[in-house]
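Working through the structure, step by step
Spelled out, the chains give:
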Amino acid sequence: MLWRMKARALVARNVRRIRVERGISQEKLAYEAGVDRSYLGCLERQSKNPTIDLLSRIAETLDVQLSEFFVRPSKRAGQTCGDSQDFA
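Residues numbered from 1 in each chain as written. Predicted model: local features only at pLDDT ≥ 70, side-chain atom pairs only at ≥ 80, totals over all residues. Heavy atoms only, no water.

Position of Glu44 relative to the elements: it lies in helix α3 (residues 37–44). Residue Glu44 is classed as buried on the basis of its relative accessible area of 10%. A distance of 2.8 Å separates polar atoms of two side chains, one belonging to Glu44 and the other to Gln26. When sequence neighbours within four positions are dropped, the list of residues in contact with Glu44 reads Ala12, Val15, Arg16, Arg19 and Gln26. (Helix = DSSP H or I, 4+ residues; strand = E, 2+ residues; numbered from the N terminus. Buried < 20%, exposed > 50% of the residue type's maximum accessible area, 1.4 Å probe, protein only. Polar contact = N/O pair within 3.5 Å; in protein donor to acceptor, adjacent residues only side chain to side chain. Contact = heavy atoms within 4.5 Å.)

By size, the foremost hydrophobic cluster in this structure holds 17 residues, and its most contacted members are Val15, Ile58, Leu62 and Phe69. Sorting the residues of this core by element identifies α1 (7–21), α2 (26–33), α3 and α4 (52–62) as the ones contributing at least two each. Here this core gets five residues from one element, more than from any other, and that element is α4. (Core = buried A, V, L, I, M, F, W, Y, C linked by side-chain atoms within 4.5 Å.)

Moving on to the environment of Leu54. Mapped onto the elements of the fold, Leu54 is located in helix α4. Leu54 gets classed as buried once you look at its relative accessible area, which sits at 7%. Each C-alpha atom, one on Leu54 and one on Val35, is 8.1 Å from the other, the two residues being 19 residues apart in sequence. Here Leu54 is in contact with Val35, Tyr39 and Leu43, once residues within four sequence places are set aside.

Attention now goes to the packing of α3 against α4. Contact pair α3 / α4: the axes reach a minimum separation of 13 Å and the direction vectors enclose 100°. Considered as vectors, α3 and α4 are oriented roughly perpendicular to each other. Contacts from Tyr39, Leu40 and Leu43 of α3 reach α4 at Leu54, Leu55 and Ile58. Split by residue class, the contact of α3 with α4 holds six nonpolar, no polar and no charged. (Axes fitted to C-alpha atoms, helices over the stretch in contact; angles between N-to-C directions. Parallel < 35°, antiparallel > 145°, perpendicular 65-115°, else oblique. Nonpolar A, V, L, I, M, F, W, Y, C, P; charged D, E, K, R; others polar.)

Next comes the structure, spelled out in structure tokens:
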């Protein structure tokens, strides 16, 4: 079976993962990237579809390449309950 994650879920997961790894709050990231904190929260919950310009600002703020938001997790990373809608 082919394992794939939808693009919006992939971006949301990676934005949150990188933000948390760096110990940055949603509030701080939102402020520094020039986006509303509630919008950033919606992005991380997959309820918003961000523009490439916004993703570029977030990547710059987090000091990562934009491509980092599209890195697929290893199959070993597993799946938590309720994430089945993230997979195609």
